[in-house]
Amino acid sequence: MHDAARLYDFPKVYFVTSRPAPFIWTPRQPIAADHLKAIKEIPDRDDGLNRWFLFRTTVELDTVPDKAPTHVTVDGRYLMYVNGREVGRGPVRCSPLAQRYDTHDLTPHLRPGRNLVAVLVHTYGVDTAFHERVRGLWSPVFGEGGLWIEGPIVDTAMDWRCIQSQAWVQDTPQANASLGFIEWLDANALDPAWTSQDFDDADWDQARPMIVGGGGPESLYQGTTVRPFPIRLPSGLPTLYEAFTSAHDIRWIKGQIPQAELPIHTRLYDEPLTEAPADAVRDATALLNPDAGETVVTTTPGTDIAITLDFGRIFSGYPAFEIEANGGEMIEIGCTERLPGEWFEGVADDARIERRPYLGTDAHLCRYVARPGAQQFQRFEWCAIRYMHIVVRNAPKGLTIRTLGAVETHYPVESRGEFSCSDPILTKLWQAGAYTLKQCMHDAWEDCPSREQRQWLGDVTVENLAASAAFGASASPLTAKYLVQVAECQRPDGLTQMFAPGDHGHNARLIPDWTLQWVLCAADHWELTGDLATIEEIWPSIQKALSWFDRASSRHGLLTDMPYWHFMDWAGLGRDGQALAINAQLAGAWRAAAKLGSALGYDRAAERYEAHAADLIARLDAAHWDEQRGAWVDMIDPETSAQNPRISQHGVAALTLWGDVDADRAARAFDWAADPTRVTATPAPPVVPFGTPLDEENGVVMANTFYSHFVGEALARHGLRDVALSNIRNRFGPMIEAGSTTLWEATTPWASLCHGFSASPTWFLSRHVLGVAPATPGFEQIVARPDLIDLEHAEGVVPAGSRNVRVVLRRTPEGFDAVISGAGDDCLVEAPAGLVLTRQSRDGDRLRASFSPSPRTRV
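Reference entry: report on the structure contained in this document. (Residues numbered from 1 in each chain as written. Predicted model: local features only at pLDDT ≥ 70, side-chain atom pairs only at ≥ 80, totals over all residues. Heavy atoms only, no water.)

1. With respect to the layout of surface pockets
- Estimated volume of the largest pocket: approximately 1100 Å³.
- Lining the largest pocket are 29 residues, and of these E527, K595, L657, E713 and R767 sit closest to its centre.
- Those elements giving two or more residues to the lining of the largest pocket turn out to be helix 4 (457-471), helix 6 (512-529), helix 8 (580-600), helix 10 (649-658), helix 12 (705-717), helix 14 (760-770) and strand 35 (772-774).
- Here the residues of the lining of the largest pocket sort into 15 nonpolar, five polar and nine charged.
- Here the second largest pocket defines a volume of roughly 760 Å³.
- Along its surface, the second largest pocket is lined by 30 residues, and Y81, E86, Q376, F377 and Q378 are the ones closest to its centre.
- Of the residues assigned to the lining of the second largest pocket, the class counts are 17 nonpolar, five polar and eight charged. (1 Å grid on protein atoms, 1.4 Å probe; cavity = no way out; pocket = protein on both sides within 12 Å on 5 of 7 lines; lining within 4 Å. Points joined across faces, edges and corners; volume = space filled by probe spheres on them. Helix = DSSP H or I, 4+ residues; strand = E, 2+ residues; numbered from the N terminus. Nonpolar A, V, L, I, M, F, W, Y, C, P; charged D, E, K, R; others polar.)

2. Quick look at the pattern of salt bridges
- A complete count under the given rule lists 44 salt bridges for this structure.
- Note that R100 and E488 form a salt bridge whose closest N and O atoms lie 3.0 Å from each other. In this pair, R100 is assigned in strand 6 (residues 99-105) and E488 in helix 5 (residues 476-488), connecting sequence segments 388 residues apart.
- Among the residues examined, R100 registers a relative accessible area of 0% and is labelled buried.
- Ionic pairing is found between R451 and E745, a salt bridge with its closest N-O pair at 2.8 Å. Of the two residues, R451 sits in the loop between helix 3 (424-439) and helix 4 while E745 sits in the loop between helix 13 (721-737) and helix 14, which places them 294 residues apart along the sequence. Taken individually, R451 and E745 each receive the classification buried, so the pair is uniform in this respect.
- Beyond isolated ion pairs, a larger network of salt bridges with shared partners links R267, E271, D304, E332, R367 and R393. (Salt bridge = Lys/Arg side-chain N within 4 Å of Asp/Glu carboxyl O. Buried < 20%, exposed > 50% of the residue type's maximum accessible area, 1.4 Å probe, protein only.)

3. Structural notes on the packing of helix 10 against helix 12
- Remark: helix 10 packs on helix 12, axes separated minimally by 8 Å, with the N-to-C direction vectors making an angle of 50°. In terms of axis orientation, helix 10 runs oblique to helix 12. The two elements helix 10 and helix 12 cross, and the hand of that crossing is left-handed. Contacts between helix 10 and helix 12 pair Q649, H650, A653, A654, T656, L657 and W658 from the former with Y707, F710, V711, E713, A714 and R717 from the latter.
- A breakdown of the residues in the contact of helix 10 with helix 12 according to their chemical character gives eight nonpolar, three polar and two charged. (Axes fitted to C-alpha atoms, helices over the stretch in contact; angles between N-to-C directions. Parallel < 35°, antiparallel > 145°, perpendicular 65-115°, else oblique. Left-handed = near helix turned anticlockwise from the far one by under 90°. Contact = heavy atoms within 4.5 Å.)

4. So, the sheet that holds strand 41 (residues 835-843)
- Judged by pairing direction, the sheet is antiparallel, and its six strands sit side by side in the order 27-37-38-39-42-41 without closing on themselves. In this open sheet, the two strands that pair with only one neighbour each are strand 27 (418-421) and strand 41. Strand after strand, the sheet turns through a mean of 15° between neighbouring axes, direction not considered.
- Two elements, strand 38 (residues 803-811) and strand 39 (residues 816-821), share six bridges in a ladder whose sense is antiparallel. Residue pairing in the sheet places R810 in a bridge with D817 of strand 39. (Pairing = 2+ DSSP bridges.)

5. Here we look at the packing of aromatic side chains
- Taken as a whole and judged by the stated rule, the model has 36 aromatic pairs.
- Taken together, a centroid distance of 5.1 Å and an interplanar angle of 45° make the contact between F706 and F757 tilted. Here F706, found in helix 12, pairs with F757, found in the loop between helix 13 and helix 14; they are 51 residues apart in sequence, far enough to count as distant. Each member of the pair, F706 as well as F757, carries the same accessibility label: buried.
- Here the aromatic cluster, defined as three or more aromatic residues joined through ring pairs, consists of W456, F499, W514, W565, F567, W570, W658, F706, Y707, F710 and F757.
- One cation-aromatic arrangement involves R232 over W148; the distance from NZ or CZ to the ring centre is 4.4 Å.
- In this structure, R509 is placed above the aromatic ring of W565, and the distance from its NZ or CZ to the ring centre is 5.5 Å. (Phe/Tyr/Trp six-rings, centres within 6.5 Å; stacked < 30°, edge-to-face > 60°. Lys NZ or Arg CZ within 6 Å of the ring centre and 35° of its normal.)

6. Quick notes on empty space enclosed by the protein
- Here the structure, examined in full by the defined rule, presents nine cavities of 30 Å³ or more.
- Quantified by volume, the largest cavity comes out at close to 130 Å³.
- Taken together, 15 residues form the lining of the largest cavity, with S708, H709, G712, A724 and I728 sitting closest to its centre.
- Within the residue set of the lining of the largest cavity, elements represented by two or more residues are helix 12, helix 13 and helix 14.
- Its residues assigned to classes, the lining of the largest cavity comprises seven nonpolar, six polar and two charged.
- Computed from the structure, the second largest cavity encloses a volume of approximately 100 Å³.
- As for the second largest cavity, its lining consists of 15 residues, and the residues nearest its centre are G76, C94, Q99, H131 and E132.

7. What to know about the side chain of S708
- When you line up the elements, S708 lands in helix 12.
- Overall, S708 belongs to the buried group, its relative accessible area being 14%.
- Beyond its immediate stretch of four places on either side in the chain, S708 contacts A703, R731 and F732.

8. Considerations on the nonpolar core
- Membership of the largest hydrophobic core comes to 158 residues, with the highest contact counts inside it found for M441, F471, Y482, W518, I538, I542 and L546.
- Per-element accounting of this core gives the leading share, 13 residues, to helix 8.
- By size, the runner-up hydrophobic cluster in this structure holds 57 residues, among which are A175, L190, Y368 and I390. (Core = buried A, V, L, I, M, F, W, Y, C linked by side-chain atoms within 4.5 Å.)

9. Looking at the pairing of strand 27
- Of the two faces of strand 27, the one lined by F419 and C421 is fully buried and the one lined by E418 and S420 carries no buried residue.
- Sheet topology places strand 27 next to strand 37 (residues 793-800); four bridges connect them, and they run antiparallel. In the strand pairing of strand 37, E418 is matched with V797.

10. A word on the sheet that holds strand 35
- Strand order in this open sheet of three strands is 35-36-40, and the pairing throughout is mixed. In the strand order of this sheet, the two ends are held by strand 35 and strand 40 (828-829), each with one partner.
- Pairing of strand 35 with strand 36 (residues 782-784) involves three bridges; the strand directions are antiparallel. Bridge pairing in strand 36 places P774 opposite I782.

11. Focus on the environment of W456
- Residue placement: W456 occurs in the loop between helix 3 and helix 4.
- Considering only alpha carbons, one finds W456 and D634, 178 residues apart in sequence, at a separation of 25 Å.
- Not counting residues within four places of it along the chain, the set of residues in contact with W456 comprises D447, M498, F499, I511, W514 and W565.
- A polar contact of 3.4 Å, which involves the side chain of W456, links it to the side chain of D447. (Polar contact = N/O pair within 3.5 Å; in protein donor to acceptor, adjacent residues only side chain to side chain.)

Bear in mind that shape data such as this cannot, by itself, settle questions of function.
Structure follows, in structure tokens:
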């Protein structure tokens, strides 16, 4: 890709060129125009939590246009309909200071004559992982809420009708600390015709434009006009993939004793189970195949019917069903990624989903009250699903279920990468990593589809690399958007939020090492895509971020006693005093910034950053080296230079990955850090509540799944890819052996079972076994450095810009042979560290090469 190209394209400000369309909202929400006079900050107003609004307008058309691109955004989230058919949803998560809008082509849904456009708007009133409230600015004047549409046939300058819907129960709790509210919909209070023309909205209010002020240059504050979200930018992302999915198996059918006094967030879990009455469920197997017929569920007095479905895999989706009801039946659904005992002592035959308030990993709930007749329901927000517990209540005449399952959804990546080899565990690990990533890709990169759904900065470093191996350039716009949005949410002091956008609290808990990960990810993005335009956009923010670390450094020139949450990994590495890993990672960020600065033409800045990095590495090497044990210690006292004996794989990896250190020292340090008799899986609560305390004189802290990526990269850099591959087998292989199809947040399954930052095996196997890499940014030229390591054979496809490069490796008595196809006439073939290239030839599009071991050196 050329330097001028941009993967995530938007103008600085969206300017309306004709008849500006305002935001509109309900006239029942007062406008506090007096706040225009305020100079100091005004307390937040409370317009209510968990509100739902319906909007409608009509459009008359003589003919249907060829295209009708229509921009839509709201303060909250929305579903848009045209003539009763769903058109799209959004907006993507964003900072309200850079509000994103979606663009939908309405043409396929239009017809000559009268057309009805309807929008469901959900406002939260709180920050969530995917919604960030407005603080100050126009919020004291208008409060929360707002709908904006602009297009060639419909916009919010037209007459709209609106109403706050009472069909959704407002007084429900949030699912957990980061997600939205538990959805409780009474369909009897929502006319299904509201999205179609056959509905009378005469009793609804006329929506009001959200504009105050004005009056000319001689009026109050010179005619200042206040409008919501003055900066609106296109989302830059495609529509998400959606497909209905049925369950794989029925685990059990039971009676559930109703206890209506229990609150909605505990009732489904806490009600006792009993034997289901005979014939309570007819044709249950039809739940697994919508084409096989219909299921009828009948309740009896004092006994509701509960069913637990198993979908056979964890995925992200919207719980959904189609039913025929008499009216008044209640359906409750809880979804989760695990059952009690799973991955530990085993799952009992009658195991049911459970509340897990620890870390907020509760099941995702919703409740639906049916109206008479045929109807469909789809949960407003997606969630993680493996198991689904359904309770049918108040159905003495029988409830007919035509379909029951979920609408699977994720970012629409193209599955271009492939990998298989002689080790079936590694083949499955590559596939599990790619699959895990899909479940963590929607309108942003997410840590997981279950607990948080937040865009954590450090997670994206690994997710971006692994996605490049699995999906190529189709995933890159998500990373470009991430890089820009982190800059948009940057704090005034230069640190970034630890996740953004979303419920970061603006100045709440922070992870400074995540700021460094953002810089490292920016350099990776540029090398993989050549997208220098995005880098130029965020360059001032990168400089501002790194300046914070300059100011935070001690008089000794290194970071000491890092403030805020010094995370790094779910492991017990040393973090106090002058800590090795964070300082070495800072050197890595400086070197990444030096590359980016040089690419942008800022040579002076690039030279300064490179000099900072070299000086820092030299200081760390000298101060942290323990000659007796032959490794670098994690911590020293910055005042006395006294060494703490704790050693971690993190510190050794960080220094050798981002620093140029003596080869003999690196070899000795790797011997210590990789010694299986020393490696210790330490506790790191809350995600890793149990572990083995470190023997500080003889042990080494094991890197958990996140930092295992950087350990692997450091080992590969120094020719120890065999050790890195062994680590992958030991850390991640047990997940596959246990039967998991996704990769866990840690080596033990206490927390998230589907975590994007654990997808590093997908990256390692593509990059360091198949060996395809960019010789120049964006893969304009390709270099191949394959290594079969200890495998007998391996093959696959590596996405490389617009090309798919196929690599086939086969063991020979002398080493291994490689056949590389599709890499271009100028592809370079090089031997990675520890190997020599013995033969090379070209046969049309195919490069053939042979490799053999070089005289064994550790570095």
